[in-house]
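Architecture at a glance
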Amino acid sequence: MFLEAMRYQFQSMAPKNYVDIQVITIMCHILNKEQNERFEKFVYCVPPEIMVRMFEKHGQIWMDTKNNRPHGIASLVNHEEYMVYLDKKKLLTHRFIFTPILFSEHWWLYVMDVEKREFFVLDSKNIVSPSDERSSLNHFASNILDQLRIWAGAPSIFDQGSCSLLPRYVNIPGQPNETDCGVFVMKWMELIDPTGLAASCEANRGYNLDKWRE
């Protein structure tokens, strides 16, 4: 199996463009194959399609009214295009799960710390949740990642009776326009130290978007 992108999709990284989802998907797979300690032992990037699909299907209504439980990923498990590239071993063994998400023409990044059972939101436009809808999506996202780890063979990291983690926003550099959110997400996946998100984000405030696009 292999991934490819068309030229126009790579051209989406030019200024004043939204980065195409296929570009960030490919970056996730490239980073996951990096031969360094960060990605071999600690950080695993879940490509955005699964989260995007669940958000598009259910939106902020993430609890199934039929059984009062979160909507499950079962409908995706049997679809090879969504699951074939996931590495079950890394979902089980890696402490940090990174998941980029595209929703309503905006990219942001989720970071789950499995060991400490914490869930962070890195958003280049917002340092707090901008709406009730986004707050619901954030809770849903933590549940989807937990379901993926259970699918891989791990126990749930939620407390008994809970079905999500409290999303915490990190104060990070703000994008100077409406379109560079995807560029920020790509560099965060590559550079941010998840063991000290606040300090790492502060260290990356001296960003250069032109350099980041290279």
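Preceding this paragraph is the structure being described.
All residue numbers refer to positions counted from 1 along the written sequence of the respective chain. In keeping with the model being predicted, local features are shown solely for residues with a pLDDT of at least 70 and side-chain atom pairs are shown and tallied solely at 80 or more, while totals for entire chains, interfaces and linings include all residues. Derived side-chain values reflect all non-hydrogen atoms in the structure, with water molecules and hydrogen atoms excluded from consideration.

Time to look at the overall build of the protein. Under the scheme used here, helices are H or I runs from DSSP no shorter than 4 residues and strands are E runs no shorter than 2 residues, and both carry numbers assigned from the N terminus. A count of helices and strands for the protein gives eleven helices and seven strands. Relative accessibility decides the category of a residue: with a 1.4 Å probe and only protein chains considered, values under 20% of the type maximum give buried, values over 50% give exposed, and everything between is partly exposed. Per-residue burial for the protein yields a buried fraction of 51% across its 214 residues. In this description, contact between two residues means that some pair of their heavy atoms is separated by no more than 4.5 Å. Partitioning the intrachain contacts of the protein with sequence separation of at least 6 by distance along the chain shows that 66% fall at a separation of at least 24. Computed with the Shrake-Rupley method and a 1.4 Å probe, the accessible areas treat only the protein chains shown as cover for residues. Accessible surface for the protein amounts to roughly 11000 Å². Of this, 49% is attributable to carbon and sulfur atoms.

Positionally, Phe39 belongs in helix H3 (residues 37–42). Placed 57 residues apart in sequence, Phe39 and Phe96 show a C-alpha to C-alpha distance of 9.5 Å. If near-sequence neighbours (up to four positions away) are discounted, Phe39 is found in contact with Leu31, Asn32, Glu34, Cys45, Lys90, His94 and Met189.

What follows is about the packing of helix H4 (residues 49–58) against helix H8 (residues 132–152). For helices, the axis comes from a line fit to the C-alpha atoms of the stretch in contact; other axes are also lines fit to C-alpha atoms, and the angle between any two N-to-C directions lies between 0 and 180 degrees. Here H4 crosses H8 at 130 degrees, and the two axes come no closer than 11 Å. Classified by the interaxial angle, the pair formed by H4 and H8 is oblique. Every pair of crossing elements has a handedness; the one defined by H4 and H8 is right-handed. Facing Ile50, Met51, Met54, Phe55 and His58 of H4, the residues of H8 in contact are Leu137, Phe140, Ala141, Ile144, Leu145 and Leu148. Each residue gets one of three labels, nonpolar for Ala, Val, Leu, Ile, Met, Phe, Trp, Tyr, Cys and Pro, charged for Asp, Glu, Lys and Arg, and polar for the others, Gly among them. Partitioning the contact of H4 with H8 into residue classes produces ten nonpolar, one polar and no charged. An angle below 35 degrees is treated as roughly parallel, one above 145 as roughly antiparallel, one from 65 to 115 as roughly perpendicular, and anything else as oblique. Working rule for handedness: look at the near helix, and if it is turned counterclockwise from the far one by less than a right angle, call the crossing left-handed; if clockwise, right-handed.

Multiply 1.5 Å by the residue count of a helix minus one, and that product is the helix's expected span. Over its 21 residues, H8 extends 31 Å from the first C-alpha to the last, a length consistent with the 30 Å expected when each residue adds 1.5 Å. Of the residues flanking the end of H8, it is Gly153, one or two places downstream, whose phi is positive at about 115 degrees.

Another aspect to go through is the nonpolar core. Nine residue types can take part in a nonpolar core, namely buried Ala, Val, Leu, Ile, Met, Phe, Trp, Tyr and Cys, and a core is a set of them joined through side-chain atoms within 4.5 Å. Counting residues in hydrophobic clusters, the biggest one holds 33 residues, and the most contacted among them are Phe55 and Tyr110. Mapped onto this core, the elements with two or more residues apiece are H4, strand S4 (96–103), strand S5 (106–113), strand S6 (118–122) and H8. Tallying contributions element by element places H8 first for this core, with seven residues. Judged by nonpolar contacts, the second largest core, of 27 residues, contains Cys45, Phe120, Val170 and Val183.

Any two strands with at least two DSSP bridges between them are considered paired. Taken in spatial order, the five strands line up as S1-S4-S5-S6-S7 in an open sheet, and their pairing is mixed. Here the strands that pair on one side only, and so sit at the sheet edges, are strand S1 (43–45) and strand S7 (167–169). Put simply, the sheet's adjacent strands are angled 25 degrees from each other on average, direction ignored. Alignment of S6 against S7, held across three bridges, turns out to be parallel. Bridge assignment links Val121 to a residue of S7, and that residue is Tyr169. Contacting S1, S4 and S5, helix H2 (residues 21–32) crosses the sheet at an angle of about 150 degrees to S1.

Here H2 is twelve residues long and its end C-alpha atoms lie 17 Å apart, about the 16 Å a rise of 1.5 Å per residue gives. With ten of twelve residues buried, H2 is to be regarded as a mostly interior element. Turning to H2, its buried residues are Gln22, Val23, Ile24, Thr25, Ile26, Met27, Cys28, His29, Leu31 and Asn32. The backbone nitrogen of Gln22 has a side-chain oxygen 2.9 Å away, supplied by the residue at the start of H2, namely Asp20. Distance and chemistry together define a polar contact, namely a pair of N or O atoms within 3.5 Å, with one atom able to donate a hydrogen and the other to accept it when in protein, and with adjacent residues in sequence counting only for side-chain atoms on both sides.

All right, on to the pattern of salt bridges then. Oppositely charged side chains can pair when the atoms bearing their charge come close. Put simply, a salt bridge is a Lys or Arg side-chain nitrogen that is within 4 Å of an Asp or Glu carboxyl oxygen. If you walk through the whole model with that rule in mind, you get eight salt bridges. One salt bridge in this structure joins Glu115 and Arg95, with 3.7 Å as the shortest N-O distance. Residue Glu115 is located in the loop between S5 and S6, and its partner Arg95 is located in the loop between helix H7 (88–93) and S4; the two are separated by 20 residues in the primary sequence. Look at Arg95 and you get buried, because its relative accessible area is 19%. Here the salt bridges share partners, and the residues they tie into one network are Arg95, Asp113 and Glu115.

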